[in-house]
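Chain and residue survey
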Amino acid sequence: MKARAGAAAEPPARGRGEPATWAQLYPTLVAVVAALGLLVRMVNLMLLIRARYPLVDEAILDASIYERWALAILQGGEAARRTFFFPPLFAYVLAGLFGLVGYRPMAVPVFNTALDALNVVLVCIAGARAFGRRVGLLAGAFYALYVPALFHATTPFKTTVEVFTGLVLLLFLVNADRRPTAWNWAGSGLSLAVASLARPNLLVLGPVLPLMALVARRRVGWRRALACALLAAAALGAVLGGVVARNLAVLGEPGLFTNGGIAFYLSVNNFTRPDFLPGDPEVEEQVFLEEYLRRSGKDEATSSESSAYWMRQAVRIFRARPLRFLNLLVLRLVIFFNRAEIGDCYSLELAAEKSPLLRLPLFTWGTLAPLALAAATLGWGSGFRLSRRAAAAGTEAGPPRSSFWPYCLLLLSYTLSLATIFPVDRYRLPAVPQVVTLASWAVWALVAAARRSWGPPRRRWAAWAMLAGWLLFIAAAGLFVNLRVGFYDFDGNLGQHLLNLGDVLATGGRLEEAEAYDLRALRLWPENPRVHYSLGLIRLKRGRPGEAVASLERAVSLDPSNDDYHRALAEARRAAAEAAATPGPSTGGAAPGGG
């Protein structure tokens, strides 16, 4: 019986003693790459646990908010019946995890470790369907050994879940590009909605998705293309509409998340914290609501009204100084493409001090981003022609021109949407699957160009010129990506992480280690009152009230309006007076320099 037209031919059965074909080896190679990704993540997790790195299972800042939110969902607490201030997906993922295994903080990094190994598989599959199996396998290997992915898989935060939902969206878009069926476009809309519940800036793709479905009209006709576009929009709207309906039913507040206006207000101010806002993100919603009530003169208001007010304030600032905001966008784009890994809740730099695996010369943004930039820019021109020539020469068929658009669309839209907020490393990680795949395609194209350069003499010079152009572009992109950004305060960023880690260690009773981290923060932040305050509390707990007084006096002198500093200083002075009146060995005088 003849095979149906357009159907993929089944590979012939392999006889005993015959070598395996590439198609037969491919599933095994994917499993090997996934096993490699799981192994290195497990090793990294065990190294951090063995080194007693406290932030493996210690949820801090935003992560602690999600952890308590998940427990409230399980217990039916008041927090579960509020409107969504933060994107809700990760809270419900944690609730499901804790419902299965009980409240075990270590379960979160273990879950993230396993999920990120699945992400490796999805990178392989999506890359293979868009660019061929060799590119897919190479992309999976790049992601398996990508250092920031190893790190974030060991944190109790939502970054790995964001990567997973983004990969599911990418896979549906690639499938929709290859086969523009109603199922693939409905799946694209549904996966975009779910992904936006973890990373809201992906909603920028909402209006674009139905338009991309209409692009396929030449292949499937207007009626089918229009049906695909409507299904994509309907699937997206169904999920998001359900969230809006839930918020409306709970508290009578329509909308998705109520932190959008606050986030944009902070963004146009370059994330300079207002005077009324403390450093604790757990009280951010309430503090902004109270400030809105104070300014408006109202007695009560909803979170949605507060968010709308701060959005109007952000628009007013933008209209007053649009060029300043555009300048901020450019600087953030430079930071996004820079090799620096800027942490916010968890620091790769500090974790690498405890895990030798994170210090190995594996793949980083600085090595892969230049290749991805070359593929994204040259893939539509010389790279595409190179693919056709390579296919004619008998190598694996090059990717069709349309295979680039899902990757480039996601990478471009995600990058531009991130420019409205600060592009720290965990925000950048959902774009890494596109980066590693485009980088893999660039490597494959370079190999094909090198092969071409040894071909017939009449075409050799053209191939050499193409190869030289690729290498020059990659070198220029590498220089751009790996330059140190001079306008960003890296010392301040590291100082904040040192201080956070010191606070966690002090809470756990590891006071000597906590003081060591605070002293490192002090060297970077000598004029930061929070560092002196933290040092004073630690020294007071360690029975050195004289040194505590010196540190807390410095904190008060730097920030006289802070009541917490004054109370701590009074307590330290009482302890120092009691120690001076008690006969016995000295409890320690003031440290030189008051630090």
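Here, every reference points to the structure presented above.
Only a predicted model underlies this, so the values are computations on that prediction, with no experimental measurement involved.

Definitions and cut-offs
Throughout this description, residue numbers start from 1 for each chain and increase along the sequence as written. Local features are withheld for residues below a pLDDT of 70 in this predicted model, meaning they are given only at 70 or higher, and side-chain atom pairs are given and counted only at 80 or more; totals for whole chains, interfaces and linings count all residues. To get the side-chain values, take all heavy atoms of the structure and skip hydrogens and water. A cavity, in this analysis, means grid points on a 1 Å lattice covering only the protein atoms where a 1.4 Å probe fits yet has no way out; a pocket is instead an open set bounded by protein on both sides within 12 Å along at least five of seven lines, and a residue lines either one if it has an atom within 4 Å of a point. Grid points are joined across faces, edges and corners, and a volume is the space filled by probe spheres set on the points. Per the convention used, a helix needs a DSSP run of H or I reaching at least four residues, while a strand needs a run of E reaching at least two, with both numbered from the N terminus. Throughout, the ten residues Ala, Val, Leu, Ile, Met, Phe, Trp, Tyr, Cys and Pro are labelled nonpolar, Asp, Glu, Lys and Arg are labelled charged, and all others, Gly among them, are labelled polar. Here, nonpolar core refers to any group of buried Ala, Val, Leu, Ile, Met, Phe, Trp, Tyr and Cys residues whose side-chain atoms link them within 4.5 Å. The rule is simple: take the accessible area with a 1.4 Å probe, protein chains only, and divide by the maximum for that residue type; under 20% is buried, over 50% is exposed, in between is partly exposed. Only heavy atoms enter the contact rule, under which two residues are in contact if any of them lie within 4.5 Å. Each reported salt bridge corresponds to a side-chain nitrogen of Lys or Arg within 4 Å of a carboxyl oxygen of Asp or Glu. Helix span, as expected, comes to 1.5 Å for every residue beyond the first. This arc is built from the directions going out from the helix axis to the C-beta atoms. To count toward a patch, a residue needs a relative accessible area over 30% and no salt bridge; like charges are then connected within 9 Å, while nonpolar side chains (Val, Leu, Ile, Met, Phe, Trp, Tyr) are connected within 5 Å. Reported accessibility uses the Shrake-Rupley method at a 1.4 Å probe radius. Residues are deemed covered only where the shown protein chains occlude them. Here Asp and Glu are counted as negative and Lys and Arg as positive; His is not counted, and neither are the chain ends. Charge coordinates come from a single atom per side chain, which is NZ of Lys, CZ of Arg, CG of Asp or CD of Glu.

**A short note on empty space enclosed by the protein**
- Under the defined criterion, the tally for this structure stands at four cavities of 30 Å³ or more.
- As a volume, the largest cavity reaches approximately 70 Å³.
- What lines the largest cavity is simply Gly166, Leu169, Leu202, Leu410, Tyr414, Pro430, Ala431 and Gln434.
- Of all the secondary structure elements, the ones that give two or more residues to the lining of the largest cavity are α7 (159–178) and α19 (404–418).
- For the lining of the largest cavity, the class distribution of residues is six nonpolar, two polar and no charged.

**Focus on the nonpolar core**
- With 166 residues, the main nonpolar core has Trp185, Tyr346, Trp365, Trp441 and Trp470 as its most contacted residues.
- Contacts of tryptophan 185, omitting those with residues within four sequence positions, involve Leu173, Ala176, Pro180, Leu209, Met212, Ala213, Cys228, Ala232 and Trp405.
- Formed by 11 residues, the second largest nonpolar core is a distinct cluster that contains Tyr533, Leu540, Leu552 and Ala568.

**Describing the pattern of salt bridges**
- Tallying each qualifying case throughout the model produces 19 salt bridges.
- In this structure, aspartate 344 engages arginine 426 in a salt bridge whose closest nitrogen and oxygen atoms are separated by 2.8 Å. One end of the pair, aspartate 344, is in the loop between α15 (322–336) and α16 (348–352); the other, arginine 426, is in helix α20 (residues 425–428), and 82 residues separate them in sequence.
- Residue aspartate 344 is classed as partly exposed on the basis of its relative accessible area, which comes to 24%.
- When the shortest N-O distance is used, the salt bridge between arginine 520 and glutamate 353 registers 2.8 Å. Of this pair, arginine 520 sits in helix α24 (residues 511–524) while glutamate 353 sits in the loop between α16 and α17 (365–378), and the two are 167 residues apart along the sequence.
- Taking the relative accessible area as the measure of exposure, glutamate 353 reaches 36% and is therefore partly exposed.
- Each member of the salt-bridge network shares a partner with another, and the members are Glu515, Arg539, Arg542, Arg544 and Glu547.

**As for α15**
- The terminal C-alpha atoms of α15, which comprises 15 residues, lie 21 Å apart, in line with the 21 Å expected from a rise of 1.5 Å per residue.
- Those residues of α15 that fall on the buried side of the exposure criterion are Phe325, Leu328, Leu329, Arg332, Ile335 and Phe336. Here the buried residues of α15 occupy an arc of 120° about the axis, which is enough to place them on one side.
- On the buried face of α15, the contacting elements are α12 (260–268), α14 (303–320), α17, α19 and α20.

**A closer look at a nonpolar patch on the surface**
- The grouping of Leu38, Met42 and Met46 at the surface amounts to a nonpolar patch, some 260 Å² of accessible area in total.
- Along the chain, methionine 46 turns up in helix α1 (residues 22–50).

**Observations regarding a positive patch on the surface**
- On the surface, Arg129, Arg178, Arg179 and Arg224 cluster together into a positively charged patch.
- With respect to the helices and strands, arginine 178 occurs in helix α7.
- Judged by its relative accessible area of 48%, arginine 178 is partly exposed.

**A short note on the environment of isoleucine 317**
- Structurally, isoleucine 317 is set in helix α14.
- For isoleucine 317 and tyrosine 265, which are 52 residues apart along the polypeptide, the C-alpha to C-alpha distance reads 8.5 Å.
- Setting aside residues no more than four positions away along its own chain, isoleucine 317 makes contact with Tyr265, Val268 and Asn269.

**As for the layout of surface pockets**
- Size it by volume and the second largest pocket reaches roughly 620 Å³.
- Together, 29 residues line the second largest pocket, and Arg339, Ala340, Glu341, Leu348 and Glu349 are the ones closest to its centre.
- Of all the secondary-structure elements, those providing two or more residues to the lining of the second largest pocket are α6 (147–152), α16, α17 and α23 (490–507).
- With five residues, α23 is the single largest residue contributor to the lining of the second largest pocket.
- Residues belonging to the lining of the second largest pocket are distributed by class as follows: 14 nonpolar, eight polar and seven charged.

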